[in-house]
Amino acid sequence: MTDAQISINHDGTGSVTIDGETTTITASGAAAARQEATAHVAKRAAELGRPLPATATENGRTWPLLIGTDSTVTPRPQDDAAAARPSTASAPSAEIPDAQADPDVTRSGPVTGQPAPSWEQPATDPIIEEVPGAQDDLEATRPRAIATQPPAAPRHSAAAPQITSPAVDQGSPVDELHTFREVQSDVHSSVAPTQQNESQHAVGPDTDPEVVDPPAAPDADPRYADWSGDPRWEALSQQPATQGFRGALNGMGLKLAPTDEELAQRREALRQEIAREEDARRADERLAQEEAAQESRRAARERAAAEKDRAERAIIQTPLEETKHVLIANDKGGQGKTSATFCIGATAGRIRGGDVIAWDANETRGNLGFRAQKAPAARSVVDLLEQAADDFTTVEGSKRSTLARYTRNQGDNHFAVLASDEDPENQDLVDGDAFEKVNEILGRFYSLILIDTGNNHRVSHFRAALAAADQLVIPVSAGDDGAHAAETMMNTLDRHGFGPLVKGAVVLLNDSATRRGDVTGVAAKFEQRVRTIIPIPFDRVLDAGGEIDFDALQPTTRAAYQEATAEIARGLANTKE
């Protein structure tokens with residue numbers, strides 16, 4: 001029979017000799033050298049198609065082994081071991097029978113303190129009893145293979161000094177008398193049969209020991225009752241030992257079940273993992289609930305906004321039985337009158353589908369024509385009075401196409417602009433009588449007329465516009481000066497008999513990027529005097545002062561002007577001429 005000779009040194013060097021052919025081993029340590037040697041012998045065993053006997057020598061000690069084709073390492077059957085080992089008749093303590101007969105002899109060897117190589121297997125009962133707690137561990141770690149010999153009689157020994165229990169790592173002290181021959185003999189003599197047909201499963205030199213009936217899963221223990229049926233615990237509890245004495249034996253190819261202590265560690269690790277998973281699950285549930293709540297609130301807000309939008313559009317689309325006039329006024333400049341006129345016109349025009357005109361009735365030169373979209377011919381209200389007013393005195397001359405030559409169509413905004421003259425001297429021609437003439441012409445073709453006024457409520461055409469107004473809109477900035485001017489104008493209107501117009505007014509409270517006045521204080525001044533106050537957010541497009549692109553406004557700005565236009569329409573629905 002081919003016999004492999006393995007020699008391992010403490011520094012990781014060594015050699016393997018098979019059939020006279022020697023292979024040198026150089027590894028990082030003794031443990032790595034053993035693994036390399038085992039793999040080398042297993043390769044030869046695979047070539048032969050059977051386990052290969054081997055004799056391992058390390059630190060002056062010898063172990064008879066049987067290395068399988070899959071690198072498993074098992075004790076060599078006792079007969080083969082005796083035949084393979086050189087005779088040691090001159091050393092009485094090396095004979096197993098003598099050692100068993102005289103326990104004192106087996107304990108006479110000194111403890112050297114050298115590391116125990118991993119070739120070593122568990123010792124026999126008398127010697128293991130010297131190691132605290134090792135006897136119970138040994139009984140649980142013995143492989144459950146069918147023995148070829150009847151169990152040996154129990155040994156009795158006197159009290160012995162305590163030594164450190166063998167461990168997996170190198171460096172743990174062990175009694176030198178724990179030779180592998182004793183371990184091999186004891187393992188074969190102390191393993192009880194587990195099946196009736198044990199003679200059919202005897203271990204021979206060319207077969208691996210059969211491992212059967214691992215320890216019961218911990219879920220059978222009441223301490224682990226709560227883990228019964230858990231697939232992860234079922235799999236985890238059935239895995240071979242990886243720690244302690246059993247882990248060392250499993251490292252040599254055995255498959256021993258873990259100790260209760262290792263099972264407890266696995267159970268605790270699994271419990272912590274499950275706890276983490278449960279925490280993560282609960283966190284996900286909370287997040288999902290929060291997201292659902294946020295989604296519900298968002299959906300509720302969206303539903304409310306959609307309902308508000310439908311209601312506002314419905315009131316803006318209310319048919320007007322007669323022409324209505326909306327006066328946008330504040331005695332102080334820079335309060336946003338022109339911006340408000342354009343945005344209200346665009347909102348009403350888009351929702352009503354036309355039928356809206358914005359008229360710049362400033363007593364000097366207004367800005368509405370500059371802020372609105374331009375026309376090929378820059379005609380104004382003065383041009384209308386001078387060139388076409390007489391045409392509208394006859395039925396034949398009263399044509400919308402004639403009026404369209406003097407207004408500026410605002411495209412997708414679906415309203416028109418009648419601009420003031422760019423020459424302030426010409427604009428003076430628009431007095432009270434001229435206002436009434438132009439207003440009569442516009443009323444023939446438009447049902448909603450927005451009037452952008454100047455800063456002087458004493459001029460005749462402002463008084464004419466005031467007399468025609470059905471709804472008053474007062475733009476106010478957040479500063480105190482604008483609020484004061486608006487308050488003064490309302491006081492004047494009250495004195496001249498326009499109190500109902502003031503009471504039904506809509507105040508547009510404009511936010512500003514540069515003027516941070518007391519918005520709450522300004523609103524408090526008007527809330528008892530007007531019908532409603534609507535905040536208008538700051539918008540860079542309007543603040544720039546150039547031509548207004550209504551689509552470029554922020555959604556919040558357009559929404560605010562839609563709300564304002566709806567309030568204006570609601571006020572118009574309650575007025576009669």
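Everything quoted here is computed from the prediction, not taken from an experiment. Counting restarts for each chain: residues are numbered from 1 in the order of the written sequence. Owing to the predicted nature of the model, reporting of local features is limited to residues with pLDDT of at least 70; listing and counting of side-chain atom pairs is limited to 80 or more, with chain, interface and lining totals taken over all residues. Hydrogens and waters are ignored; side-chain quantities use all the structure's heavy atoms.

Q: What exactly am I supposed to notice about the confidence of the model for the protein here?
A: Detailed reading of the predicted model is not advised wherever pLDDT is low. Confidence of the predictor at the level of single residues is captured by pLDDT, which takes values from 0 to 100. Looking at the protein, pLDDT values average 77 and 71% of them are 70 or higher. Residue contacts follow a heavy-atom distance rule, with two residues in contact if any of their heavy atoms lie within 4.5 Å. Confidence drops under a pLDDT of 50 for residues 81–116, and excluding neighbours within four residues, the segment shows 50 contacts in the predicted structure. Across residues 120–135 the pLDDT falls below 50, and counting only partners more than four positions away or on other chains, this stretch makes 54 contacts in the model.

Q: Looking at this structure, how should I read the nonpolar core?
A: General note: in soluble globular proteins, nonpolar side chains tend to be found buried as a group. For the purposes of this section, nonpolar cores are sets of buried Ala, Val, Leu, Ile, Met, Phe, Trp, Tyr and Cys residues that join through side-chain atoms within 4.5 Å. Partly exposed residues are those whose accessible area sits between 20% and 50% of the maximum for their type, while under 20% is buried and over 50% is exposed, using a 1.4 Å probe and protein chains only. Trp359, Leu472, Ile474, Val476 and Phe526 are the most contacted members of the largest nonpolar core, which totals 46 residues. The element best represented in this core is helix H16 (residues 432–445), accounting for 6 residues. Residues in contact with Phe526, not counting those within four places in the same chain, are Val476, Ala483, Ala486, Glu487, Met490, Val507 and Ile533. If you look at the next biggest cluster of nonpolar residues, it comprises 30 residues, including Ala358, Leu450, Leu508 and Phe550. Numbering goes from the N terminus for both helices and strands, where a helix is a DSSP run of H or I of at least four residues and a strand is a run of E of at least two.

Q: Looking at this structure, I do not really get the side chain of Asp470. What am I missing?
A: Note on placement: Asp470 falls in the loop between helix H17 (460–468) and strand E12 (471–477). In this count, Lys and Arg are taken as positive residues and Asp and Glu as negative ones, while His and the chain termini are left out. By definition, a salt bridge exists where a carboxyl oxygen of Asp or Glu is found within 4 Å of a side-chain nitrogen of Lys or Arg. Summary of buried charges: Asp470 has no salt-bridge partner, and the nearest side chain of opposite charge, Lys324, is 4.6 Å away. A polar contact of 2.8 Å, which involves the side chain of Asp470, links it to the backbone nitrogen of His325. Polar contact is defined as a pair of N or O atoms within 3.5 Å, subject to the rule that within protein one atom must be able to donate a hydrogen and the other to accept it, and that residues adjacent in sequence are counted only when both atoms are side-chain atoms.

Q: In this structure, what is going on with the sheet that holds strand E1 (residues 4–8)? I would like to understand it.
A: Either a parallel or an antiparallel arrangement is found when strands of a sheet pair, and the pairing is made through backbone hydrogen bonds. Taken together, the 6 strands give an open sheet; going across it, the order is E3-E2-E1-E4-E5-E6, and neighbouring strands pair in mixed fashion. Across the chains shown, the open sheet's two edge strands, defined by having one partner strand only, are strand E3 (21–26) and strand E6 (73–75). Direction aside, neighbouring strands of the sheet carry axes that sit 30° apart on average. Between any two strands, at least two bridges found by DSSP are needed for them to pair. Pairing of E1 with strand E4 (residues 52–58), which is carried by 5 bridges, proceeds in the parallel orientation. Looking at the pairing, Gln5 lines up with Thr55 of E4. Helix axes are fitted to C-alpha atoms over the stretch in contact, other axes to C-alpha atoms as well, and angles between N-to-C directions run from 0 to 180 degrees. Running at roughly 170° to E1, helix H1 (residues 30–48) makes contact with E1, strand E2 (13–18), E3, E4, strand E5 (61–67) and E6 of the sheet.

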